[in-house]
Structures are given as structure tokens and as C-alpha cells.
Amino acid sequence: MKVFYSETHRKHDPPFELFDGGLRVPYLENPDRMDRILNALGNEGWAEIIEPTEFGLDPIRAVHDKDYLDFLASCWTEWLDSNPKDSSVFLPATFALRHQPQRPNSLLGRGGYYIMDLSACIVEGTYEAALASVNCALSAAQSIVDGQRSSFALCRPPGHHAGADYAGGYCFINNAAVAANWLSAQGKVAVLDIDYHCGNGTQDIFYNRDDVLTISIHADPDFEYPSYFGHANERGEGRGFGFHHNFPLSKGTDDDSYLETLDRAMELIRGYAPGYLVVSAGMDIYADDPLGTIKVTTDGIREIGKRIASLGLPTVIAMEGGYNNEALGRNITAFLGEFK
Ligand code: SP5
Ligand code: ZN
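None of the values given here were measured: they were computed from a predicted structure.

What counts and how
Residues numbered from 1 in each chain as written. Chains lettered and ligands numbered in written order. Predicted model: local features only at pLDDT ≥ 70, side-chain atom pairs only at ≥ 80, totals over all residues. Heavy atoms only, no water. Axes fitted to C-alpha atoms, helices over the stretch in contact; angles between N-to-C directions. Helix = DSSP H or I, 4+ residues; strand = E, 2+ residues; numbered from the N terminus. Parallel < 35°, antiparallel > 145°, perpendicular 65-115°, else oblique. Left-handed = near helix turned anticlockwise from the far one by under 90°. Contact = heavy atoms within 4.5 Å. Nonpolar A, V, L, I, M, F, W, Y, C, P; charged D, E, K, R; others polar. Salt bridge = Lys/Arg side-chain N within 4 Å of Asp/Glu carboxyl O. Buried < 20%, exposed > 50% of the residue type's maximum accessible area, 1.4 Å probe, protein only. Phe/Tyr/Trp six-rings, centres within 6.5 Å; stacked < 30°, edge-to-face > 60°. Lys NZ or Arg CZ within 6 Å of the ring centre and 35° of its normal. Expected span 1.5 Å × (residues − 1). Near = heavy atom within 4 Å. Polar contact = N/O pair within 3.5 Å; in protein donor to acceptor, adjacent residues only side chain to side chain. 1 Å grid on protein atoms, 1.4 Å probe; cavity = no way out; pocket = protein on both sides within 12 Å on 5 of 7 lines; lining within 4 Å. Sits in = over half its atoms within 2 Å of the grid points. Right-handed = clockwise from strand over helix to strand, strands pointing away. Donors = N, O, S within 2.8 Å, 3.2 Å for Na, K, Ca; no water.

Draft legend 1. Structural context of the packing of helix 1 (residues 32–44) against helix 10 (residues 325–336). Orientation of helix 1 relative to helix 10, taken along the N-to-C sense of each, is 45°, at an axis distance of 8 Å. Considering their axes alone, helix 1 and helix 10 lie oblique with respect to each other. Helix 1 and helix 10 meet at a crossing whose hand is right-handed. Taking contact as the criterion, the partners of Asp32, Arg33, Arg36, Ile37, Ala40, Leu41 and Glu44 in helix 1 are, on helix 10, Asn325, Glu326, Leu328, Gly329, Arg330, Ile332, Thr333 and Leu336. Within the contact of helix 1 with helix 10, the residues separate by chemical class into six nonpolar, three polar and six charged.

Draft legend 2. Structural view of the pattern of salt bridges. Tallied over the entire structure, the rule returns 18 salt bridges. For Glu48, the salt bridge is made with Lys2, and the minimal N-O distance between the two is 3.5 Å. Of the two residues, Glu48 sits in strand 4 (residues 48–50) while Lys2 sits in strand 1 (residues 2–4), which places them 46 residues apart along the sequence. Its relative accessible area of 41% is what places Glu48 among the partly exposed residues. With relative accessibility at 21%, the residue Lys2 sits in the partly exposed group. Here Arg10 ties to Glu7 by a salt bridge, and the two come within 2.6 Å at their closest N and O atoms. Under the relative-accessibility criterion, Arg10 is labelled partly exposed at 33%. Ionic contacts of the salt-bridge type, sharing partners, join the residues Glu7, Arg10 and Asp35 into one network.

Draft legend 3. Up close: the environment of Ser250. The residue Ser250 is located in the loop between strand 8 (244–249) and helix 8 (255–272) in this model. Considered as a pair, Ser250 and His218 are 32 residues apart in the sequence and their alpha carbons are 8.8 Å apart.

Draft legend 4. Broad picture of the packing of aromatic side chains. Inspection of the entire model under this criterion finds 10 aromatic pairs. With centroids separated by 5.2 Å and ring planes inclined at 80°, the aromatic side chains of Trp79 and Phe90 adopt a geometry described as edge-to-face. Note that Trp79 is positioned in helix 3 (residues 66–81) and Phe90 in the loop between helix 3 and helix 4 (107–114), a separation of 11 residues in sequence. Taken together, a centroid distance of 5.9 Å and an interplanar angle of 65° make the contact between Phe243 and Tyr272 edge-to-face. Taken together, the residues Phe243 in the loop between strand 7 (212–219) and strand 8 and Tyr272 in helix 8 connect sequence positions 29 residues apart. Each residue in the set Tyr68, Phe71, Trp79, Phe90, Tyr113 and Tyr114 is aromatic and connected to the rest through ring pairs, giving one cluster. Taking the ring centre of Phe16 as reference, the NZ or CZ of Arg24 above it sits at 3.8 Å. Lying across the ring of Phe241, Arg235 places its NZ or CZ 5.4 Å from the centre.

Draft legend 5. Seen up close, helix 5 (residues 126–145). With 20 residues, helix 5 extends 29 Å between its outermost C-alpha atoms, agreeing within 8% with the 28 Å of an ideal straight helix rising 1.5 Å per residue. Burial of helix 5 is extensive: 16 of the 20 residues sit out of reach of the surface. A positive phi of about 115° marks Gly147, the residue just after helix 5.

Draft legend 6. Focus on the site of ligand 1. Around ligand 1, a shell composed of 13 residues is seen, among which Asp20, Gly169, His197, Asp284 and Tyr323 lie nearest. For ligand 1, a nitrogen atom lies 3.1 Å from a polar atom in the side chain of Asp20. Within the side chain of Tyr323, a nitrogen or oxygen atom sits 2.5 Å from an oxygen atom of ligand 1. The pocket occupied by ligand 1, as judged from atoms lying within 2 Å of grid points, is the largest pocket. The residue makeup of the shell around ligand 1, split by class, is five nonpolar, five polar and three charged.

Draft legend 7. Spatial organisation of the pairing of strand 9 (residues 276–281). Within strand 9, six of the six residues are buried, which leaves it mostly tucked inside the rest of the structure. Here strand 9 shows a buried face lined by Tyr276, Val278 and Ser280 and a second buried face lined by Leu277, Val279 and Ala281. In this view, the connection linking strand 9 to its parallel neighbour strand 10 (residues 315–319) by way of helix 9 (residues 298–309) has right-handed handedness.

Draft legend 8. Highlighting the side chain of His9. Structurally, His9 is set in the loop between strand 1 and strand 2 (17–18). Judged by its relative accessible area of 2%, His9 falls in the buried class. Engagement of the side chain of His9 in a polar contact is seen with the side chain of Tyr5, the distance being 2.9 Å. Sequence-distant contacts of His9, defined by excluding residues within four places in its chain, comprise Pro31, Met34, Ala129 and Arg156.

Draft legend 9. Molecular detail of the coordination of the zinc ion (ligand 2). Looking at the metal site, the zinc ion (ligand 2) is ligated by Asp195 (OD), Asp195 (OD), His197 (ND1) and Asp284 (OD), spaced 1.9 to 2.8 Å from it. Linear spacing of the donor residues for the zinc ion (ligand 2) on their chain is D-x1-H-x86-D. Pair noted here: His197 is in the loop between strand 6 (189–193) and helix 7 (200–205) and Asp284 is in the loop between strand 9 and helix 9, with a separation of 87 residues, a long-range link. You can call His197 buried: its relative accessible area is 5%.

Set out below in C-alpha cells:
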């Protein structure tokens, strides 16, 4: 299996994020995650690690707002120019609420306008890393159009919380959405998001579209991040109505009940009959994930892979979350091994 991966992710290495109550904790979405996965893939023998192709900004601009991308590009130098007392990361201190705010000019104002929470820390190399990450997803998409059955985009930073004009949840550019939108020029696309958290950015980006079916299986937003998206009654809008589905799960969901939900999601994909599938593959569904509350085992993850692979669709698998670094390698190889 082709695995698209760039070392550039190492330039995005924020020293901390802020948890509930403002606790500074070491950044969970860290470069070591990739090392664990690369190590495990190296031991398998079927993974061919490939540098991504540079696709330029056009396919990214087709999904993301230009002003938002400009903000990501210039944020760090503007931050340093503002002589902050502590320049270790850029994070906003205010957040734009529901009332259609006007876009402010100040850097901190734009931060609160474009960033959803206190995990999407921007450092010097964030934009460059996010571009390399989305190029991995686009390269994987290109490879399946060229005839690969399935390819893995080993994306870091992840993407599924990033909307057309906002960052959040460790995500800046929505890798899976950019790949899905790029593939949609070739035929109908389904996006299946199995990360533990609702793929709110992907949901948002395709909410009004019927040419990309989006499905997310995740912890119920009634108790879990991202809180404001991911309820079962969010079904799409306009011509997109009926083309988005959320499957909220309760705490403690085990393999059997996860797989029952997956089967329902897969029935919807079969009914839609897409030409391509993009899987947002977060491994934070794992029982011992530090951010998770559900109880899917490594064997469960293998079975999830097997069932998704049985759809027989040309598939891009894009890396999303998963924060038990020690288990990340074996969980990803269990999942991907069913597609190889
Ligand atoms: C891509 C991805 O998986 N992003 C997830 C971002 C989730 N951030 C939520 C942080 C919530 C902090 N709560 C800590 C409770 C730890 N027990
Ligand atoms: Zn997640």
C-alpha cells in the first residue's frame, strides 16, 4: 500500500495546549505519533512510504476561505512582530460568537474569529506543516484515481475539525475534505469519519452538497468535544439535506455496538453508490486513548477496517486523531492491513 508522508510535520510542534479550566498540558497531537506509526509500518513490509506531490494552493482554496488561509500564512510573523510577553505559541484570548461578527483587523481579533478552541496552537512551522499534510491527502487521492485500490495519507496535523474558515481540535486545513472535494470532480464521493470526535469541519464544508455524502461516527457531542456539532438531527441543508449523517455514541461503547453502528453507516454508503471513499481514520476510538471514552479494542479496529474494505471502493484513508502513542502503530497497522 502506498503511504504518503512528509517529514515537514515536525515543524509543527507546539509545546503545550490548554485543557479544560486552562490547564497547560504537553501537546497531545505531537510528532512522536508519526514515529510510532512509521515504525509499525516499517515492520509490516507492505507499506511503501512516498513523499507527497506538491499540488499548489488551488485545490485548497476550493475548500478553504482565502482570508483564512492568509491568516494561517502570516499569523506567526505577525505574532512575533507584536512583541508578545510569551511568544511560545499563538492562541487567541477571545472567541467570535453567534452573531455574524465582522472580521477584525487585529491579529488577536482574527485569531478569535478563525480559531475555535485552545488546542489549535499556531507556531512558526504550522502553516508549512499543514500544507505538507494536505498534499499527502491529495497525493493519495491522485493515486486512487490512477488505479490504486486504497492509499494511506499519513497526515499530520490532522484535518477533520477545520472548517472552510476556521481551525480547531489540532486541525488547520481539512485534509480529508480537500481530497474529497478534489475527487468529486471525478464522481460521487463518500466521506466516512471514524475518529472518536465529530468531524465538524467536514460536516460543515459539505453541508449543502449532495455530490459528497458525509458520515461521522463519534462520541455524543452532549458530553464530548466539539459540543456544538454532531447530533443525529443534523442532516444537511438545501440540496445537501439527507447527505450528512451523524452517529453519536455513548460512553463505554464496545466493539459489538460500535460495529452495529458502522454497519448502519455502511448501508448508507452502499445506497449512495459513490465512486470514491475517503476515510477519516482517527484511532482515538481505542479503549485506552487519553482523550477517548469508548472501548474499541485493537481487534475491533481490525474488524472496522475489514468491513470498510469490503465496500470494495477506491479508498483514501486519511490519518486524523489517536493519542495513545504506544498503541498507535499497532492500531493503524491492524486497520490498514485489511486494505493492503
Ligand atoms: C483530530 C482530533 O482528534 N482532535 C481532537 C481535539 C480534542 N480536543 C479536546 C480537548 C478536550 C480536553 N479535555 C480533556 C479531558 C481529558 N480527560
Ligand atoms: Zn479525535
